[in-house]
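# A closer look at the structure
Here are the chains, one letter per residue:
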Amino acid sequence: MADVLILRERSAGECRVAATPETVRRLRARGLNVRLEQGAGLAAGFADADYADAGAQLVESGAGLGGGVDAVLCVNPPAAEVLDQLKPGALVAGLLAPYGAAAMVEQLQARRVSALALELLPRISRAQSMDVLSSQANIAGYKAVLLAAAALDRYVPMLMTAAGTIQPARALILGAGVAGLQALATARRLGAVVYVSDVRPAAKEQVESLGGRFLAPPEQEERPAESGGYAKAASEAFLAAQRQQLAEQLALADMVICTAQVPGRRAPRLISEEMLAGMRPGSVVVDLAVAQGGNCAGTVCGQTVERHGVLLIGGDGLPSSVANHASALYARNLAALVEHLLGEGGFQLDELITQEDPIVAGCLLTHAGACRFPDLVSGAN
């Protein structure tokens, strides 16, 4: 019977956990022993006693935490001292931030630990139940609109009062991926009139199905498309034309949600200082791409700053601010992945590799002492 360890997250501001009492029961039903570091779920609203009732074995923090386990489930990369305790052939699964993570990958290779980086999970139908980026981006898009609405100096919905009619707020969303579409749906529920800009013409149908108004991308000979469910990087000429198109829309917007990102690369700069200067004082920009360099000039990770009278909210780590539901969804994604990896005798990575399983092939970062994505890790992607 394989042993699985659930770690308490140690990154600053991280409140999520990789398993909940619900998924502990699910893993136990598949024949796994589940060890849980004490206090792992407290920040997300899950008590140790609830985990124990679900069948988890509570273990103390400290030396030897990772010794003897067959798998470690985490949100962020485990600490180096935990990785050093893992036995050869052990499995680590989580958001491992593989882009440029040469030091961590070297350690995984030296320990001959197999690592599944969930950022690399292919966006195919079979993997939808395991797609942590989508489940967490959904939450980020939702929370971004709430932050914008709370900071805005106007009502969001239209109100008809004895003192006259208040017009609804105008929201502009940059990027119609998972986060952008959830931001659209949330802003619509609050009563805003919502415009959405995306480099992919194919996003028009999705935007309009949610009640948004799609801003068609500029006419160019070569338009950006998508690959594996992610937007491809657009050319600089296309982005320049898009920025020119956006300037007029930004001047009319009350709140702007920026979600445009390309995995492993710097986020495209869509809002310049000049464009900010043209916005209405009191309007709000929430930048979900701030950790990747930001879609908007002047945003700062985790901070709210003012530029040209516009409030800029650096929306980094928003899923962690909704830690209970973020953890519930993340843990279900991980449980689905673990179930996919299990065979009659425990984890069957070698068999799945032999079968060229697309899920494992897409996100298996290291295995048997080798890195399977050297260009990505070296930053040459």
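Nothing here was measured: the structure is a model prediction, and the numbers come from that model. (Residues numbered from 1 in each chain as written. Predicted model: local features only at pLDDT ≥ 70, side-chain atom pairs only at ≥ 80, totals over all residues. Heavy atoms only, no water.)

### A short note on the overall build of the protein chain
- When its secondary structure is counted, the protein chain shows 13 helices and 21 strands.
- For a compact globule of 381 residues, the expected C-alpha radius of gyration is about 21 Å, and the protein chain comes in at 22 Å, within 12% of that figure.
- Projected onto the principal axes, the alpha-carbon positions of the protein chain cover approximately 65 × 50 × 35 Å.
- When burial is assessed residue by residue, the protein chain has 51% of its 381 residues classed as buried.
- Counting only contacts in the protein chain whose residues sit at least 6 apart along the sequence, the fraction spanning at least 24 positions is 64%.
- Looking at the protein chain as shown, the accessible area adds up to about 16400 Å², and 50% of this sits on carbon and sulfur atoms.
- In the protein chain, 31 positive and 38 negative side-chain charges are present, and the distance between their average locations comes to 3 Å. (Helix = DSSP H or I, 4+ residues; strand = E, 2+ residues; numbered from the N terminus. Rg over C-alpha atoms; globule rule 2.2 N^0.38 Å. Buried < 20%, exposed > 50% of the residue type's maximum accessible area, 1.4 Å probe, protein only. Contact = heavy atoms within 4.5 Å. Areas by Shrake-Rupley, 256 points an atom, 1.4 Å probe, with all protein chains shown as cover. Lys, Arg positive; Asp, Glu negative; His and termini not counted. Charge placed at Lys NZ, Arg CZ, Asp CG, Glu CD.)

### Thoughts on the packing of helix H1 (residues 21–29) against helix H10 (residues 323–341)
- Relative orientation of the contacting elements H1 and H10 amounts to 10°, with a least axis distance of 9 Å. It follows that H1 is roughly parallel to H10 by the angle criterion. Where H1 approaches H10, its residues Glu22, Thr23, Arg26 and Leu27 are matched on the opposing element by Ala331, Arg332, Ala335, Ala336, Val338 and Glu339.
- Of the residues contributing to the contact of H1 with H10, the split by class is 5 nonpolar, 1 polar and 4 charged. (Axes fitted to C-alpha atoms, helices over the stretch in contact; angles between N-to-C directions. Parallel < 35°, antiparallel > 145°, perpendicular 65-115°, else oblique. Nonpolar A, V, L, I, M, F, W, Y, C, P; charged D, E, K, R; others polar.)

### Description of the nonpolar core
- Among the nonpolar cores identified, the biggest contains 69 residues, and Ile6 and Leu73 are the most heavily contacted of them.
- Per-element accounting of this core gives the leading share, 8 residues, to H10.
- Ignoring sequence-local partners within four residues, the contact set of Leu73 consists of Val4, Leu5, Ile6, Leu7, Ala18, Leu27, Ala93, Leu334 and Val338.
- Counting 28 residues, the second largest nonpolar core, distinct from the first, contains Ile173, Ala179, Val207 and Leu318. (Core = buried A, V, L, I, M, F, W, Y, C linked by side-chain atoms within 4.5 Å.)

### Comments concerning the side chain of Arg280
- With respect to the helices, strands and loops of the structure, Arg280 is situated in the loop between helix H9 (273–277) and strand S15 (284–287).
- A polar contact is formed between the side chain of Arg280 and the side chain of Asp254, at a distance of 3.3 Å.
- Here Arg280 is in contact with Leu152, Asp153, Arg154, Ala251, Asp254 and Val310, once residues within four sequence places are set aside. (Polar contact = N/O pair within 3.5 Å; in protein donor to acceptor, adjacent residues only side chain to side chain.)

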